[in-house]
Amino acid sequence: MADRAVSERHGLSVISKEFKCSAQISLEEHMGCGIGACMGCVVRTSSGYKRVCKDGPVFLSDEIIWEEKE
Ligand code: FES
């Protein structure tokens, strides 16, 4: 079952792409350490895995690989 918040963010990403504008999305993940050490909060992006706690939580919507988030 898809997380509703993830689905909404993915929807915003699709809309921003359709209107050819950039969107910034704030992600939430379960966090083990919160300081970038455990890699427990990674998300897959177009430029590799990024840590939500350290590299985010705000990312450009078109850099997130959404298929793995749902
Ligand atoms: S919570 Fe440990 S790396 Fe993000």
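Report follows, based on the coordinates. (Residues numbered from 1 in each chain as written. Predicted model: local features only at pLDDT ≥ 70, side-chain atom pairs only at ≥ 80, totals over all residues.)

Looking only at helices and strands, the protein features 2 helices and 4 strands. When the helices and strands of the protein are placed in sequence order, the string is α-β-β-β-α-β. Against the 2.2 N^0.38 benchmark of 11 Å for 70 residues, the protein shows a C-alpha radius of gyration of 12 Å, consistent with a compact globule. Counting only C-alpha atoms, the protein reaches 35 × 25 × 15 Å along its principal axes. Considering the protein as a whole, with its 70 residues, one finds that 13% of them fall into the buried category. Partitioning the contacts of the protein with sequence separation of at least 6, the portion at a separation of at least 24 is 43%. (Helix = DSSP H or I, 4+ residues; strand = E, 2+ residues; numbered from the N terminus. Rg over C-alpha atoms; globule rule 2.2 N^0.38 Å. Buried ≥ 20, exposed ≤ 12 C-beta atoms within 10 Å, placed from the backbone. Contact = placed C-beta atoms within 7 Å.)

With respect to the helices, strands and loops of the structure, I35 is situated in the loop between β1 (24–26) and β2 (42–45). For I35, a count of 10 C-beta atoms within 10 Å corresponds to the exposed category. Sequence spacing of I35 and R51 is 16 residues, and the spatial spacing of their C-alpha atoms is 9.3 Å.

A word on the environment of G56. Assignment of secondary structure puts G56 in the loop between α2 (52–55) and β4 (58–60). The partly exposed category is assigned to G56, around which 18 C-beta atoms lie within 10 Å. The spatial distance from the C-alpha of G56 to the C-alpha of I25 is 9.4 Å, given a sequence separation of 31 residues. Sequence-distant contacts of G56, defined by excluding residues within four places in its chain, comprise L27 and K50.

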